[in-house]
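# Examination of the molecular architecture
What follows is each chain in one-letter form.
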Amino acid sequence: MAEAGSFADRVKQQADIVRVVGEYVRLKKTGKDFSGLCPFHQEKTPSFTVSPIKQIFYCFGCGKGGDVYNFVMDMEKCEFPEAVKVVAEKCGIAVPRQKERSLEERKENQQRSVLVEMHREAQTFFVKQLEGTPEGKAARAYLEDRGLDNDAIARFGIGYAPSGGDALLRHLKIKYNDKLLIESGLVSRDQSAGRLFDRFRRRITFPISNESGKIVAFGARALGDDMPKYLNSPETPIYSKSNVLYHMDRAKEALRRQDFAILVEGYMDVIAAARAGISNVVASCGTSLAETQIKLLGRFTKRVIVNYDPDTAGQAATERSLSLLLEQDFEVRVLALPPVGNQKADPDLFIRERGKDEYLKLLKEAPPYVDYLIARARQMDLTTGEGKQRALNFLLPYIQKIPNGILRSEWATRIAQQLRIDEPLLRSALSKAAKERRGEIKTQPELIGRTAKPVERRLIRMLAEGQDFRQELAQQLQNTQLYRGLETEKIFAALVIASLTGQPVQATEVGAVLEERDRRLFFEILFEDTNEPTREEAMSCVEALQHRQAEQELADVQRSIEANPAAPEMRGLLEKKQELMRRLAAAR
Ligand SMILES: [Zn+2]
C-alpha cells in the first residue's frame, strides 16, 4: 500500500501511530506498548494495543490490526488515499494536489463542482422563498402544522419552491447556460415547446446531502394536492439515488457510537427522530433500498432496525430490504409501529403524537426479523394446506439466510408451532432448500484457538523484526523448507518472501496476504513480550525444526517399512532409518 518512497510512505515514516491513535482512543502506557479500550468493539477491559516501536496496533479482542493507515481507514471509514490525507494533515505535512489524469477527468470534475455550486445557490434561493414571500408564509403555516418550528426548519435547511414555474430558472440563468441548468436536474425542458421551467413548483424542499455533507439533490413535498406527493431530483452527474442515504452525513458519528441504524422511509421521519435526539437514523428516500445504499450503511454498522411505513408499499419495501440486508450479513430487527388512534403510524406521526420515549421503548423491543415475518405469515389464510404452503414459501427464503445452523433450527421449531405446520415436513423443506443453495452458504472460519509452538512463534518474530541475521535466517528456511507442514506454514512462507527482498518487513503487508486466522496469530505473536533475539537463539530454533523434520521423516520411513516388508527398496529404507536415528540421537 505505502510503496517505498511514495508520499504515503513518507507520511508514515513521520507520523507517530501512538499520537494519531491517541486522538481517538485514550491510551495508557503498559510496558513498551500502549493500550486502551478498543474503538472497534465493545469492551470493559483494554485489549487494544499500540506498539510505538513497530508502529502497528492490534486488538486481542476483535482481531483488528495494522498500521496507522489501517487504523484511520477503519475509524474514518475511508479509503487509503483519504487515510493518507488525514494522517498527513494531523501531522502537519502538506498534501500535494492530486494530479488529474486527463483532460476529460478535469472537465468532469469541473462540471461536478459547478453542479454542486448550483445546488448551493438553489438551496439559498429556496430558503429565502420560505422566509420572505407570501407564498412561503403559507408553506410555513403548513410546516408549523406538522410541528416543525424555526429551529427545525433552519437545522434541516427546509425551503420552498414557488408556484410560478420559472423563479429558480430566472435566478440561475444569469450565471449558468441551458445545458448546465438541465444537467443539474433543477430545471426541466418542456418536450413540445422546448421551453425551460423549474422542476420543483409549489413544494416544500428538503436538501439531500451526500456522505460528506454537500447538497447534491432535493426532495420536495407538494404543498397542495399536486401529484406526485413527493418528487425528488433526477439522476445527475452528482446524484444517484441508490448511492445516497438521507441524513447519512450527520448520522455517521452516532451510527458508529451506537452501532446500529434506524432505517426509515422519508425525510419527515428522519427529521422527527433527529429532533427527538435520535441521531442514528437514515432514510432510503424512496420505497426500495439499493444494494449500494446497504454497503454504504455497512461501513458504519451491521445492525439495523427497519422502521418503514405500515402501509402495503411499506410492508413490501420492508420485505425487499430484509432480503438485501440479510444477504449483506446485517443483523436485522423490524419495528412495525402500532396505530395512533385509528391512523396507521409512520415514525414522524408516531413521535409527534406519542413522544420520543415511547418510540425509544418500541425500538428497544423491536423483534428480530424472523418474528416479524412469522407475524406476517400468520396473517395469511392458514386454514388450508395450500394456504400453509404459501405461508411457508413466503418464509423459507428468509429462514435460509440465517447463517447460524442452531438458530435456524430453533426458528424452524418456532415456525412449525406458530403456523401449525408439521415440523418434520418443515425441516425437510428447509434442508431441501438449503441443499439447493449450499454453494452460497458461507462457513465461518474458526477464528480462535489457533496455536503455534514456541519455536515457531520465536522464529516468526525474528523474521518479522529487523535483526541483522534476518535475511540469512530467511534464506536458510527457504533452502531447507523447514516450515512445510507446520500450522504456521503460510505465515512463514509470507515472511520468508518478504525478508528475502532485503527491505524491512511491513507487518501490515504480510498480514494482508494471510487468511484471517493466520493474520490474527501473526499479530498476536508480534505483540508478545519477549527479549531481543540473538543469532544463536535463531540457530537453535532452526535446529529444533530440523529435529522435528527428522522425526517426521523417521515416522514416514517406519510406515513404509511396515507397509511392505518385502519391498525391493527395503535396504535403502533401513539405511535411511539408521541415519535418521543417528541424527536424532546426536541432537539430544
Ligand atoms: Zn477490538
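No experiment lies behind these values; they were computed from the predicted model shown.

## Quick notes on the pattern of salt bridges
- Using the criterion set out here, one finds 31 salt bridges in the structure.
- Notably, a salt bridge pairs Glu 465 with Lys 54, separated by 3.5 Å at the nearest N-O pair. Pair noted here: Glu 465 is in the loop between α20 (454-464) and α21 (470-480) and Lys 54 is in the loop between β3 (48-51) and β4 (56-59), with a separation of 411 residues, a long-range link.
- Judged by its relative accessible area of 17%, Glu 465 falls in the buried class.
- Residue classification places Lys 54 among the partly exposed positions, given a relative accessible area of 24%.
- Glu 183 is the partner of Lys 179 in a salt bridge, and the nearest nitrogen-oxygen pair spans 3.5 Å. Taken together, the residues Lys 179 and Glu 183, both in helix α9 (residues 178-183) and four residues apart, mark about one turn of the helix.
- Residue classification places Lys 179 among the exposed residues on the basis of a relative accessible area of 59%.
- Taking the relative accessible area as the measure of exposure, Glu 183 reaches 24% and is therefore partly exposed.
- The network of salt bridges with shared partners includes Lys 54, Arg 461 and Glu 465.

## Observations regarding the packing of helix α22 (residues 489-500) against helix α24 (residues 516-526)
- α24 packs onto α22 with a crossing angle of 70° between their chain directions and a minimal axis gap of 9 Å. Taken together, α22 and α24 sit at an angle that is classed as roughly perpendicular. In the packing of α22 onto α24, the handedness of the crossing is right-handed. Taking contact as the criterion, the partners of Lys 490, Ile 491 and Leu 495 in α22 are, on α24, Asp 518, Leu 521 and Phe 522.
- Taken together, the residues that form the contact of α22 with α24 break down as four nonpolar, no polar and two charged.

## Structural notes on the coordination of the zinc ion
- Cys 38 (SG), His 41 (ND1), Cys 59 (SG) and Cys 62 (SG) make up the full set of protein donors to the zinc ion, lying at 2.0 to 2.3 Å.
- In this structure, the zinc ion is surrounded by four donor atoms whose angles at the metal cover 104 to 117°, and the resulting shape is tetrahedral.

## Structural notes on helix α11 (residues 267-275)
- For α11, a buried count of eight out of nine residues is recorded, marking the element as mostly surrounded by other parts of the structure.
- Restricting attention to buried positions, one finds in α11 the residues Tyr 267, Met 268, Asp 269, Val 270, Ile 271, Ala 272, Ala 273 and Ala 274.

## Section: the sheet that holds β4
- Spatially, the five strands line up as an open sheet ordered β1-β2-β3-β4-β5, and their pairing is antiparallel. Because the sheet does not close on itself, it has two edges, and the strands there are β1 (28-30) and β5 (65-66).
- As defined by bridge partners, β4 adjoins β5 across two bridges and the pair is classed as antiparallel. Bridging from a neighbouring strand, Phe 57 pairs with Gly 66 of β5.
- In this fold α24 packs onto β4 and β5, with an angle of close to 115° to the strand it touches most, β4.

## Considering the environment of Glu 423
- By the secondary structure assignment, Glu 423 is in helix α19 (residues 423-436).
- With relative accessibility at 25%, the residue Glu 423 sits in the partly exposed group.
- Separated by 254 residues in sequence, Glu 423 and Leu 169 place their C-alpha atoms 65 Å apart.

## Topic: the side chain of Lys 12
- The residue Lys 12 is located in helix α1 (residues 7-14) in this model.
- Given the relative accessible area of 15%, Lys 12 is considered buried.
- Polar contacts involving the side chain of Lys 12 include one to the side chain of Gln 506, which spans 3.1 Å.

## As for the nonpolar core
- Membership of the largest hydrophobic core comes to 68 residues, with the highest contact counts inside it found for Ile 158, Tyr 246 and Tyr 359.
- Not counting residues within four places of it along the chain, the set of residues in contact with Tyr 359 comprises Ile 262, Val 264, Ile 278, Asn 307, Leu 335, Leu 337, Pro 347, Phe 350 and Ile 351.
- Listed in part, the 45 residues of the second largest apolar core include Val 306, Leu 326, Tyr 369 and Leu 430.

## Thoughts on the pairing of strand β15 (residues 331-334)
- Going residue by residue along β15, you find Val 332 and Val 334 tucked away on one face and Glu 331 and Arg 333 left uncovered on the opposite face.
- Examined bridge by bridge, strand β14 (residues 303-306) and β15 share four bridges and lie parallel to one another. Across the sheet, residue Arg 303 finds its bridge partner in β15, namely Glu 331.
- Handedness of the crossover is the feature at issue here: the chain leaves β14, passes through helix α13 (residues 312-327), returns alongside β15, and the resulting connection is right-handed.

## Considerations on helix α4 (residues 80-90)
- Turning to α4, its buried residues are Phe 80, Ala 83, Val 84, Val 86, Val 87 and Ala 88.
- On its buried face, α4 sits against α1 and α3 (68-76).
- At the exit of α4 stands Gly 92, carrying a positive phi of roughly 70°.

## Digging into the state of the cysteines
- Applying the stated rule across the entire model yields zero disulfides.
- This cysteine, Cys 91, is not joined by any disulfide, and Cys 78 carries the nearest cysteine sulfur, 14 Å off.
- Residue classification places Cys 91 among the partly exposed positions, given a relative accessible area of 21%.

## A closer look at empty space enclosed by the protein
- According to the stated counting rule, one finds one cavity of 30 Å³ or more in the structure shown.
- Lining the largest cavity, in full, are Ile 208, Tyr 239, Lys 241, Val 244, Leu 245, Tyr 246, Ser 284 and Cys 285.
- Residue classes in the lining of the largest cavity are distributed as six nonpolar, one polar and one charged.

## Observations concerning the sheet that holds strand β11 (residues 230-232)
- If you walk across this open sheet you meet the four strands as β6-β9-β10-β11, and the pairing is antiparallel. At either margin of the open sheet sits one strand with a lone partner, and together these are β6 (159-161) and β11. Each strand of the sheet is rotated relative to its neighbour by a mean of 35°, with strand direction disregarded.
- In this structure, strand β9 (residues 203-209) lies alongside strand β10 (residues 215-222), joined through seven bridges in antiparallel fashion. Of the residues in β10, the one forming a bridge with Arg 203 is Ala 222.

## A short note on the pairing of β14
- Where strand β12 (residues 261-264) and β14 come together, three bridges link them in parallel fashion. Bridged to Ile 262 within β14 is Ile 305.

## Details of the side chain of Thr 205
- Residue position: Thr 205 is located in strand β9.
- Among the polar contacts listed, one links the side chain of Thr 205 to the backbone nitrogen of Tyr 160, at a separation of 3.5 Å.
- Those residues in contact with Thr 205 that sit more than four places away from it in its chain are Phe 126, Gly 157, Ile 158, Gly 159, Tyr 160, Ala 161, Phe 218, Gly 219 and Ala 220.

## Regarding the packing of aromatic side chains
- Applying the stated criterion across every chain, the model contains 22 aromatic pairs.
- For the ring pair Phe 40 and Phe 48, a centre distance of 6.5 Å and an interplane angle of 65° mean the geometry is edge-to-face.
- Every member of this aromatic cluster is reached through a ring pair, and the members are Tyr 24, Phe 40, Phe 48, Phe 57 and Phe 71.
- Lying over the aromatic face of Phe 527, Lys 54 brings its terminal NZ or CZ to 5.9 Å of the ring centre.
- Here the basic side chain of Lys 64 rests over the ring of Phe 40, its NZ or CZ set 5.7 Å away from the ring centre.

Basis of the calculations
Residues numbered from 1 in each chain as written. Predicted model: local features only at pLDDT ≥ 70, side-chain atom pairs only at ≥ 80, totals over all residues. Heavy atoms only, no water. Salt bridge = Lys/Arg side-chain N within 4 Å of Asp/Glu carboxyl O. Helix = DSSP H or I, 4+ residues; strand = E, 2+ residues; numbered from the N terminus. Buried < 20%, exposed > 50% of the residue type's maximum accessible area, 1.4 Å probe, protein only. Axes fitted to C-alpha atoms, helices over the stretch in contact; angles between N-to-C directions. Parallel < 35°, antiparallel > 145°, perpendicular 65-115°, else oblique. Left-handed = near helix turned anticlockwise from the far one by under 90°. Contact = heavy atoms within 4.5 Å. Nonpolar A, V, L, I, M, F, W, Y, C, P; charged D, E, K, R; others polar. Donors = N, O, S within 2.8 Å, 3.2 Å for Na, K, Ca; no water. Tetrahedral: all angles 85-135°; square planar, octahedral: opposite > 155°, others 65-115°. Pairing = 2+ DSSP bridges. Polar contact = N/O pair within 3.5 Å; in protein donor to acceptor, adjacent residues only side chain to side chain. Core = buried A, V, L, I, M, F, W, Y, C linked by side-chain atoms within 4.5 Å. Right-handed = clockwise from strand over helix to strand, strands pointing away. Disulfide = S-S within 2.5 Å. 1 Å grid on protein atoms, 1.4 Å probe; cavity = no way out; pocket = protein on both sides within 12 Å on 5 of 7 lines; lining within 4 Å. Points joined across faces, edges and corners; volume = space filled by probe spheres on them. Phe/Tyr/Trp six-rings, centres within 6.5 Å; stacked < 30°, edge-to-face > 60°. Lys NZ or Arg CZ within 6 Å of the ring centre and 35° of its normal.

Geometry only, nothing functional implied.
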